[in-house]
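Now for the letters of each chain:
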Amino acid sequence: MTAQPASAEPTPSPHPSKKIVEQSYDKIAPAYLEWTSSFPSPRLTYLHKLLPLLPPPPSSASILELGCGAGVPCTQILARHASSLIAVDISATQLELARENVKGEEGGEGRATVEFVKSDMHALAFPDAAFDAVVGFYSIIHLPREEQVALMKRVESWLKPGGYFLANFSASACEEAWQESWLGEGSGMFWSSWDEGKTMEMVKEAGLEVLEGSVEWEDEGLVGGRNVGFLWVLGRKGSEGGVTKGEAKQE
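Now for a quick tour of the structure. (Residues numbered from 1 in each chain as written. Predicted model: local features only at pLDDT ≥ 70, side-chain atom pairs only at ≥ 80, totals over all residues. Heavy atoms only, no water.)

Details of the environment of E176
By the secondary structure assignment, E176 is in strand β6 (residues 174-179). The contact partners of E176, leaving out residues within four places of it in the chain, are H15, F190 and W191. Only 3.2 Å separates the side chain of E176 from the side chain of H15, close enough to count as a polar contact. (Helix = DSSP H or I, 4+ residues; strand = E, 2+ residues; numbered from the N terminus. Contact = heavy atoms within 4.5 Å. Polar contact = N/O pair within 3.5 Å; in protein donor to acceptor, adjacent residues only side chain to side chain.)

Right under this line is the structure:
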């Protein structure tokens, strides 16, 4: 049975970044896809490290993707390697693109049943031990960093014993980064992050063993030609439902 998102936990009021991120991606979704396809990214390298670790057919894997964007290329690939896939995004426009781009990858033999969910990832709730893997590519960085800590604890609970987590985070600390106009279209954007050491600590404190954690530098040519460092983390939940803080693997 496919895990279903439950009601959001009550919060005093949403962080002001939520509406900005949602509205901006609604405006720039096609431009963002074009931009991210214009320069190399290590996301496929790390995704292909994860795939061999997942349960093989015929049982196959149940996967949650946090921030699927337009579904290219990661959601498309995940749909070929899962029995069920829940793809979440805060932007309705991104989800429309993802549905179209993933259409040919789902429903066939050895391919996933894909459910697209419009939601702030911080507002999601799933049953414990619902997924073999949870992934997030260039998406968790849009959450305020305090919410990232809470999200990681939920991710650990959503993973089955022995399940895997794969995501990237900013490699440098910034409590709040706002940009008034990003990728044109007059759209703002928001990012937030801990530094590399604090992010690794956050993942371990959530109860995940870090199998790999490394910083990769990317040349985001369309935005000033600057190099941006991302910390890529591949983690695993212990087979007995997590690892203790003292047992978390040191890098």
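So, the packing of helix α1 (residues 17-36) against helix α4 (residues 92-102)
Where α1 contacts α4, the two axes come as close as 7 Å, and the packing angle between them is 40°. Considering their axes alone, α1 and α4 lie oblique with respect to each other. On α4, the residues touching Y25, D26, A29, P30, Y32 and L33 of α1 are A92, T93, Q94, L97 and N101. Residue composition of the contact of α1 with α4, by class: seven nonpolar, three polar and one charged. (Axes fitted to C-alpha atoms, helices over the stretch in contact; angles between N-to-C directions. Parallel < 35°, antiparallel > 145°, perpendicular 65-115°, else oblique. Nonpolar A, V, L, I, M, F, W, Y, C, P; charged D, E, K, R; others polar.)

Topic: the sheet that holds strand β3 (residues 113-118)
Taken together, seven strands build an open sheet; the order of strands is β3-β2-β1-β4-β5-β9-β8 and the sheet is mixed. Either end of the sheet is taken by a strand with one partner, and the two such strands are β3 and β8 (208-220). Neighbouring strand axes in the sheet, compared pairwise and without regard to direction, differ in orientation by 15° on average. As defined by bridge partners, strand β2 (residues 82-89) adjoins β3 across six bridges and the pair is classed as parallel. When the sheet's bridge partners are listed, A87 is paired in β3 with F116. The strands touched by helix α6 (residues 196-205) within the sheet are β5 (159-170), β8 and β9 (226-237), with β8 carrying the most contacts at an inclination of about 145°. (Pairing = 2+ DSSP bridges.)

What to know about the pattern of salt bridges
Going through the model one piece at a time under the given rule, you end up with nine salt bridges. For E22, the salt bridge identified is with K19, shortest N-O distance 3.6 Å. With a gap of three residues between them, E22 and K19 both fall in helix α1, about one helical turn apart. Between K160 and D132 there is a salt bridge, with its nearest N and O atoms 3.3 Å apart. With a gap of 28 residues between them, K160 in strand β5 and D132 in strand β4 (residues 131-136) connect regions that are remote in the sequence. Each of the salt bridges in this network shares a partner with another, and the network as a whole consists of K18, D120 and E147. (Salt bridge = Lys/Arg side-chain N within 4 Å of Asp/Glu carboxyl O.)

Considering helix α2 (residues 43-50)
Inspection of α2 places R43, Y46, L47 and L50 among the buried residues, and these make up the whole buried set. The buried residues of α2 occupy one face: seen down the axis, they fall within an arc of 105°. Contact partners of the buried residues in α2: α1, α3 (74-80), β4, β5, β8 and β9. (Buried < 20%, exposed > 50% of the residue type's maximum accessible area, 1.4 Å probe, protein only. Arc of directions from axis to C-beta.)

Details of the packing of aromatic side chains
Applying the stated criterion across every chain yields a total of 15 aromatic pairs. Ring geometry for F137 versus W232: centroids 6.2 Å apart, planes at 40°, classification tilted. Of this pair, F137 sits in the loop between β4 and α5 (145-158) while W232 is found in strand β9, placing the two residues 95 residues apart along the sequence. Residue classification places F137 among the buried residues on the basis of a relative accessible area of 7%. Among the residues examined, W232 registers a relative accessible area of 0% and is labelled buried. (Phe/Tyr/Trp six-rings, centres within 6.5 Å; stacked < 30°, edge-to-face > 60°.)

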